[in-house]
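Tertiary structure, described
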Amino acid sequence: MTEQPTFEPPQAGIDPADGRGALLRASTPSHPHGADDTDTPSYAPGAGALPVQARAGETPPAGSGTTTPTPGTTTSSGMDNNPAGPGPEHSQPASAEPDTHRPRPVPEGIPVQPGAEPVDGSDGGQERRSGRGLAPGRPTPMRRDGDRLRFVGAATRRIARGLDLDEIVMGLCRATVPTFSDAILVYLRDPLPVGDERPVGPLVLRLRRTDRIPQERDLEDGILPVPVPDPSELGTIGTELCEVQPGSALAEVLRGVRPVFTDTPAARAALPELLGDNSEFVVSSGQRAILAPLRGRRRVIGAALFLRRPDRIPFDPDDLLVAAQLATHSALGIDKAVLYGREAYIADELQRAMLPETLPRPTGVRLASRYLPAAETARVGGDWYDAIPLPGSRVALVVGDVMGHSMTSAAIMGQLRTTALTLAGLDLPPQEVLHHLDEQAQRLGTDRMATCLYAVYDPVAHRITVANAGHPPPVLLHLGGRAEVLRVPPGAPIGVGGVDFEAVELDAPAGATLLLYTDGLVESRLRDVWTGIEQLREKLAATAQLTGPDHPPPLEALCDEVLDMLGPGDRDDDIALLAARFDGIAPSDVAYWYLEPEEMAPGRARRLARQALSRWGLEELSDSMELLVSEVVTNAVRYATRPITLRLLRTDVLRCEVGDDVPQLPRLRQARATDEGGRGLYLVNRLARRWGATRLSTGKVVWFELNRT
């Protein structure tokens, strides 16, 4: 709200440069001693001006109320002063010695608004400044322009502090109740338009929030009960949803944008549409309610209804300016919150969509993961993790970190993760995967830097192969409770270029847990990365001691315990955490053979499979297994030139893998009635629980699974 300054003409005998002139007022109400209004000038009520005393040798200014009239002069009533007559009480002659200690101005009295008489005879300003509670029904409104300016300034600051929609609406309610109104109803468009989005449906207002004065008010001298209106008044005013009909009275009021009193004809016709049957209380109350449309940057997005009870003094025209300011700041803040919420939602969805929705359940390993953003206000980052099933029941474990916390970092992370998924599908060695990731990062730009750790776990061999590109080393927690930091080549970050990556093969005993993480877990402003790694190792060892040497800690609980090591000030970066519990596959549950690519290979494969199932006590699956093994091996023999591999794995399911040296993947097709072949994969698809084919660097593997029960 913009206030225009009011200029008054200088009074006679007052130097405009004199600071005391600011205390003078030109209005002349009745004399405090009961003299006639035209006899002696006085002061405006509430002006708070002290009597201006005359300096030595000067003529006191008119209207001071404390000066001795000069003989021969004329008063404001036009009557000549009697030089011999007695002067006003407490007056001093002009020739008197000036007072060297002039009194300070007393606090200004706040003028009583029309219709509000003092309850206890005390001055309203003294009561306000003393903080004493008012009698029931006694208002505490803004009584001067300065009060309104201070209130609007404080209210807009409170509204502007909010970032989301609820904070802004709550700030509007808390700032206006009870200072400006006894109750407030805030309606917002449903749904709220975002930015340049143009609504296509009808204008529907939903009651977003209401607020009212509490049942009791806590004052200095105790609890003062406040009269509570009937439920038919403030308690139940307003409907949940209101559809604004085009051309209706409510639509016209909202289109006008300016706040209006509810006793105006336009608002009187619009309130029944907004409030329903409860509008009679507001309409019959005169200027005790203000309807303020909320207009954002492009369109009306809601309305606010400010209410005062019948025992309060009504609103005055200046309060419309206050309501306009509150509505404008609230609407712009709501627009800002909606835009911010949409951007945060997009950023969060982008980040979450680029992370795996669920982790796979590969054979011989259990997985758990965690992801924490750097902060709620910066939820986009470049950290990612992945678990990719590979041929031969192996699994690739990946964790990476792109530098930065922007949308660009998240986009680069998505591209690198997609590249890693593609390379893993080719069954390349870990060092080759990092090499191709490095080339991809250089194609994306010269400043695209990332760290990555790629590991492949083989549950049959109980071995793990790890390659590193500038990432913190993994930590292996053994079954006995010992935690060790694996010695892997550090390597250079992805994007540097011209660097050769090296892989190392390590033991992965059954019951051990491998922990892959990003540097946000171990590095912060309070500690360096190696100190954090040592703290992580100690935390894992201490957690393992709780479950004993023969039982590893549960994976989910272990991840939570690891994140608990973060203290205040440790959340400087995103955190990606991937934990893998190595169960492995026992040698007694694996059967492996080589078959020459000849006509007798399918028959031999059926016999070997039947013998293995008999040894495992799964004779009931022999018929299905023999049929499917025969079909898959027959397809391999038709094109293979090198020995074929046949492997059976007994885990929670029965898995069969057939490998050959032909890179072309088989394709499921519908055979015609006259075709002699082409039905092998159709049978596999119908009888197997799952099946698939994966290309290897030396050929391919076709696999299928059967349920054991």
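Because the structure is predicted, anything quoted here is derived from the model rather than measured. (Residues numbered from 1 in each chain as written. Predicted model: local features only at pLDDT ≥ 70, side-chain atom pairs only at ≥ 80, totals over all residues. Heavy atoms only, no water.)

Here the focus is the overall build of the protein. Per the secondary structure count, the protein includes 15 helices and 23 strands. For the protein, the proportion of its 709 residues judged to be buried stands at 46%. Long-range contacts, defined as pairs at least 24 residues apart, comprise 67% of the intrachain contacts of the protein with a sequence gap of at least 6. Here the protein displays about 35900 Å² of accessible surface, and carbon together with sulfur accounts for 51% of that area. (Helix = DSSP H or I, 4+ residues; strand = E, 2+ residues; numbered from the N terminus. Buried < 20%, exposed > 50% of the residue type's maximum accessible area, 1.4 Å probe, protein only. Contact = heavy atoms within 4.5 Å. Areas by Shrake-Rupley, 256 points an atom, 1.4 Å probe, with all protein chains shown as cover.)

Here we take up the layout of surface pockets. By volume, the second largest pocket is sized at about 690 Å³. Along its surface, the second largest pocket is lined by 28 residues, and Pro360, Arg361, Pro362, Thr363 and Arg690 are the ones closest to its centre. At the level of elements, strand S9 (365-372), strand S10 (383-390), helix H12 (555-563), strand S21 (653-660), strand S22 (690-696) and strand S23 (699-707) are the ones that each hand at least two residues to the lining of the second largest pocket. Of the residues in the lining of the second largest pocket, the class split is 12 nonpolar, 6 polar and 10 charged. (1 Å grid on protein atoms, 1.4 Å probe; cavity = no way out; pocket = protein on both sides within 12 Å on 5 of 7 lines; lining within 4 Å. Points joined across faces, edges and corners; volume = space filled by probe spheres on them. Nonpolar A, V, L, I, M, F, W, Y, C, P; charged D, E, K, R; others polar.)

Here the structure, examined in full by the defined rule, presents 5 aromatic pairs. Judged by centre distance (5.3 Å) and plane angle (45°), the ring pair of phenylalanine 180 and phenylalanine 315 falls under tilted. Residue phenylalanine 180 is found in the loop between helix H3 (165-176) and strand S1 (183-189), and its partner phenylalanine 315 is found in the loop between strand S8 (300-307) and helix H8 (317-354); the two are separated by 135 residues along the sequence. Residue phenylalanine 180 shares its accessibility class with phenylalanine 315, and that shared class is buried. Cluster of aromatic residues (ring-pair linked, three or more members): Phe151, Phe180, Phe306 and Phe315. In this structure, arginine 655 packs its charged tip against the face of tryptophan 703, placed 4.4 Å from the ring centre. (Phe/Tyr/Trp six-rings, centres within 6.5 Å; stacked < 30°, edge-to-face > 60°. Lys NZ or Arg CZ within 6 Å of the ring centre and 35° of its normal.)

Taken N-terminus to C-terminus, the directions of H8 and helix H9 (residues 407-425) make an angle of 20°; their axes are 10 Å apart at the nearest point. As the angle between them shows, H8 and H9 are arranged roughly parallel. Taken as a pair, H8 and H9 cross one another with a handedness that is left-handed. Residues Ala347, Leu350, Gln351, Ala353 and Met354 of H8 lie in contact with H9, whose contacting residues are Met407, Ala410, Ala411, Met413, Gly414 and Arg417. (Axes fitted to C-alpha atoms, helices over the stretch in contact; angles between N-to-C directions. Parallel < 35°, antiparallel > 145°, perpendicular 65-115°, else oblique. Left-handed = near helix turned anticlockwise from the far one by under 90°.)

Counting 51 residues, the largest nonpolar core has Leu397, Leu434, Leu437 and Phe582 as the members making the most contacts within it. In terms of residues, this core owes the most to one element, strand S12 (residues 450-458), which gives 7 residues. Once residues lying within four places of it in the same chain are set aside, the contact partners of leucine 434 are Cys452, Tyr454, Ala467, Asn468, Ala469, Ile494 and Phe501. Within the second largest apolar cluster, 35 residues are counted, among which are Val152, Ile168, Val194 and Phe261. (Core = buried A, V, L, I, M, F, W, Y, C linked by side-chain atoms within 4.5 Å.)

There is a patch of nonpolar side chains on the surface, built from Tyr345, Ile346 and Met407 and spanning about 310 Å² of accessible area. For tyrosine 345, the position within the fold is in helix H8. (Patch = residues over 30% accessible without salt bridge, like charges linked within 9 Å, V, L, I, M, F, W, Y side chains within 5 Å. Salt bridge = Lys/Arg side-chain N within 4 Å of Asp/Glu carboxyl O.)

Moving on to the pattern of salt bridges. Between side chains of opposite charge, pairing is possible as soon as their charged atoms come close. Counted by the stated rule, this structure contains 22 salt bridges. Across the pair aspartate 583 and arginine 366 runs a salt bridge, and its minimum N-O distance is 2.9 Å. Of this pair, aspartate 583 sits in the loop between strand S18 (575-582) and strand S19 (590-595) while arginine 366 sits in strand S9; the two residues are 217 residues apart in sequence, bridging distant segments of the chain. In this structure aspartate 583 comes out as partly exposed when scored by relative accessible area, which is 32%. Accessibility expressed as a relative area gives 44% for arginine 366, which makes it partly exposed. Between glutamate 705 and arginine 689 there is a salt bridge, and its shortest N-O distance comes to 2.7 Å. Taken together, the residues span a long stretch of sequence, with glutamate 705 in strand S23 and arginine 689 in the loop between helix H15 (680-687) and S22 at a distance of 16 residues. The partly exposed category is assigned to arginine 689, whose relative accessible area is 44%. When salt bridges that share partners are traced, they join Arg647, Arg655, Glu657, Arg689, Arg690 and Glu705 into one network.

The next thing to look at is the confidence of the model for the protein. Residue-level pLDDT values for the protein average 75, and 71% of them are 70 or greater. Long-range and interchain partners of residues 1-140, a stretch whose pLDDT sits below 50, account for 160 contacts in this model, where long-range means more than four residues apart. pLDDT under 50 marks residues 216-235. Its contacts with residues more than four places away, or in other chains, come to 39 contacts. (pLDDT = per-residue confidence, 0-100.)

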